[in-house]
Amino acid sequence: MTATTAASATGSAPSRAYLDLLEATTRRRALAFEPLTSPHTGAPEAAAADVRRAAAEGRDDVATLAGVVHDLAEVAFEEHASVAAIADLLTRHGIEVETGTHSLATSLSARVGLAPGDGGTGTIAIVAEYDALPGIGHACGHHLIAASATGAFLALAAQARDLPGEVVLLGTPAEEGGSGKELLWREGFFDGVDAAVMLHPFSYDVVDHPFLGRRQLVVTYRGVAAHASAQPFMGRNALDAAALNYQAVGLLRQHLPPSDRVHGVVREGGDRPSIVPELARLEYYVRSAHPETLRDLSRRLEDVAVGLALTALDWLHDGELRAAAVADFEAAGGVVDVEGYFA
């Protein structure tokens with residue numbers, strides 16, 4: 001006889017008290033903010049007026065592009081139609097476009113103005129993003145980033161003959177979880193760029209937002225499958241390792257700097273309750289304010305992953321893995337002092 005019971009629960013709505021206080025504080029600071037000043041005069045007023053006029057004339061094209069990219073809602077590395085829409089708009093304005101360069105099929109670049117090699121004073125990049133979140137769409141406003149970057153580039157392109165330097169539009173895929181900019185940077189996509197600018201939607205106008213750098217960590221545990229009822233002792237449960245890993249990362253949060261963030265999900269954890277899971281996979285986003293602290297936090301998460309493999313999957317009975325684990329432990333300053341344990 002088989003009986004099936006379904007259970008579900010809905011979480012309570014979290015308190016908004018902290019967000020309300022933060023918003024009130026931000027409003028007070030915004031009202032008290034003194035405008036930024038600069039010793040540089042910027043572009044001549046006549047040139048600036050021409051750029052503003054070109055931007056106003058292109059407003060409808062930019063709004064249309066934003067709507068198209070929004071409705072496409074293509075996820076990381078799959079933004080083919082979104083890139084095509086941007087390229088089509090640029091081409092209609094007589095601008096040459098390159099797509100699919102530097103090892104990423106959905107990258108995009110276009111250039112106007114006087115390149116440094118031809119006597120230009122330097123190169124400024126305007127960066128466009130256009131990927132969406134899986135299952136959610138453009139919750140972070142990347143359709144607006146794509147449209148505003150393209151619109152700004154076109155407004156400057158209208159004055160290309162008068163530009164003292166070069167302006168480049170760089171389309172960067174996979175910001176939402178794929179580190180597209182880093183991959184492109186490694187391939188030389190940003191070579192020769194003196195400064196890069198980008199507009200990101202936000203609740204307030206801010207010049208310097210405390211964004212956090214992010215790395216991704218995918219942890220895969222491989223155990224040994226067995227019948228969970230008849231012979232559980234013949235299995236090595238990969239889901240146990242994943243569960244312990246998730247708990248260990250939760251305990252680690254107490255000892256992180258205030259600017260660090262770690263959040264993750266279990267992507268795979270077995271097929272059926274009657275089978276000891278032989279594979280489990282977690283994915284974490286690891287965030288920190290500085291490259292040095294991001295590197296340190298990444299290493300700590302890697303140590304947790306290896307340690308839980310030793311604990312849950314019984315790696316200590318594998319001679320090669322045991323030797324590697326001991327070597328890493330001792331290289332980090334650890335001391336193996338239990339006589340005969342590793343014999």
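Refer to the structure above for everything that follows.
Since this is a predicted model, take the numbers as computed values, not measurements.

Asks: Pulling in residues and values, what's your account of unusual backbone geometry?
Replies: A positive phi angle, close to 55°, is found at H102, a residue other than glycine. Mapped onto the secondary structure, H102 falls in the loop between β1 (97-99) and β2 (108-113). A relative accessible area of 30% means that H102 is categorised as partly exposed. Backbone geometry at A174 places phi at a positive 55°, although glycine is not the residue there. Within the secondary structure layout, A174 lies in the loop between β4 (166-171) and α6 (180-186). Since its relative accessible area comes to 0%, A174 is described here as buried.

Asks: For the pairing of β2, give the residues involved together with the corresponding values.
Replies: Sheet faces and side chains relate simply in a regular strand, where the side chains alternate between the two faces. Across 3 bridges, β1 lies against β2 in antiparallel orientation. Bridged to E98 within β2 is S109.

Asks: Describe helix α4 (residues 80-92), with residues and values.
Replies: The terminal C-alpha atoms of α4 lie 18 Å apart, and with 13 residues this matches the ideal 18 Å at 1.5 Å per residue to within 8%. Every buried residue of α4 is accounted for by S82, V83, A85, I86, A87, L89 and L90. The secondary structure elements touched by the buried residues of α4 are α3 (59-72), β1, β2, α5 (142-157) and β4. Within two residues after α4, G94 carries a phi angle of roughly 80°, on the positive side.

Asks: Would you mind going over the sheet that holds strand β7 (residues 261-268) in detail, with residue names and values included?
Replies: The 3 strands are arranged β6-β8-β7 in an open sheet whose pairing can be described as antiparallel. The outermost strands of the open sheet, each flanked by one partner alone, are β6 (213-222) and β7. Within this sheet the neighbouring strands show an average axis-to-axis angle of 20°, counted without direction. Where β7 lies against strand β8 (residues 279-288), 7 bridges are found, and the strand directions are antiparallel.

Asks: Quick one: what's the story with the pattern of salt bridges, residue by residue and with numbers?
Replies: Scanning the model with the defined rule gives 10 salt bridges in all. Between R111 and E166 there is a salt bridge, and its shortest N-O distance comes to 3.4 Å. Here R111, found in strand β2, pairs with E166, found in strand β4; they are 55 residues apart in sequence, far enough to count as distant. A residue is classified by how much of its surface remains accessible, and R111, at 46% relative accessible area, is partly exposed.

Asks: I'd love a proper account of the packing of aromatic side chains, names of residues and values included.
Replies: In total, this model carries 1 aromatic pair according to the counting rule given. A ring pair is formed by F189 and F190, whose centres lie 5.8 Å apart and whose planes are at 85°; its orientation type is edge-to-face. Judged by relative accessible area, which is 4%, F189 ranks as buried. By relative accessible area, which is 17% here, F190 ends up buried. A cation over a ring is seen here: R214 above Y285, with NZ or CZ 4.3 Å from the ring centre.

Asks: Can you break down the sheet that holds β1 residue by residue, with the values?
Replies: Pairing within the open sheet is mixed, and its 5 strands lie in the order β1-β2-β4-β3-β5. Looking at the sheet topology across the chains shown, the edges are occupied by β1 and β5 (195-197). Put simply, the sheet's adjacent strands are angled 20° from each other on average, direction ignored. Packing of α5 onto the sheet brings it into contact with β2, β3 (123-128) and β4, and relative to β3 it is tilted by some 150°.

Asks: Give a description of the nonpolar core that names residues and reports values.
Replies: In this structure, I86, L90, I95, L108, Y130, F153 and L169 are the most contacted members of the largest nonpolar core, which totals 23 residues. If you list the elements that add at least two residues to this core, you get α3, α4, β2, β3, α5 and β4. In terms of residue count, the dominant contributor to this core is α4 (6 residues). Residues Y221, L256, L294 and V304 belong to the second largest nonpolar core, which totals 22 residues.

Asks: Talk me through the side chain of Q159; I want residue IDs and the actual numbers.
Replies: Looking at where Q159 falls in the secondary structure, it is placed in the loop between α5 and β4. Excluding its chain neighbours within four sequence positions, the residues that come into contact with Q159 are D50, V51 and A54.

Asks: An account of the layout of surface pockets is requested, with residue identities and associated values reported.
Replies: Rolled over the atoms, a probe sized like a water molecule indicates the empty space that remains. There is about 870 Å³ of room inside the second largest pocket. Together, 35 residues line the second largest pocket, and V51, I126, A152, A155 and L156 are the ones closest to its centre. When contributions to the lining of the second largest pocket are tallied by element, the ones reaching two or more residues are α2 (45-57), α3, β3, α5 and β4. A total of 10 residues in the lining of the second largest pocket trace back to one element, the largest contributor, which is α5.

Asks: Residues and numbers for α5, please.
Replies: A rise of 1.5 Å per residue sets the reference length of α5, with its 16 residues, at 22 Å; its end C-alpha atoms lie 22 Å apart and thus fit the reference within 8%. Taking burial as the measure, the 16 residues of α5 include 12 buried ones, the bulk of the element. The complete set of buried residues in α5 reads H142, H143, I145, A146, A147, A149, T150, G151, F153, L154, A155 and A157. Of the surrounding secondary structure, the elements contacted by the buried residues of α5 are α2, α3, α4, β2, β3 and β4.

The rules behind each value
- Residues numbered from 1 in each chain as written.
- Predicted model: local features only at pLDDT ≥ 70, side-chain atom pairs only at ≥ 80, totals over all residues.
- Heavy atoms only, no water.
- Helix = DSSP H or I, 4+ residues; strand = E, 2+ residues; numbered from the N terminus.
- Buried < 20%, exposed > 50% of the residue type's maximum accessible area, 1.4 Å probe, protein only.
- Pairing = 2+ DSSP bridges.
- Expected span 1.5 Å × (residues − 1).
- Contact = heavy atoms within 4.5 Å.
- Axes fitted to C-alpha atoms, helices over the stretch in contact; angles between N-to-C directions.
- Salt bridge = Lys/Arg side-chain N within 4 Å of Asp/Glu carboxyl O.
- Phe/Tyr/Trp six-rings, centres within 6.5 Å; stacked < 30°, edge-to-face > 60°.
- Lys NZ or Arg CZ within 6 Å of the ring centre and 35° of its normal.
- Core = buried A, V, L, I, M, F, W, Y, C linked by side-chain atoms within 4.5 Å.
- 1 Å grid on protein atoms, 1.4 Å probe; cavity = no way out; pocket = protein on both sides within 12 Å on 5 of 7 lines; lining within 4 Å.
- Points joined across faces, edges and corners; volume = space filled by probe spheres on them.

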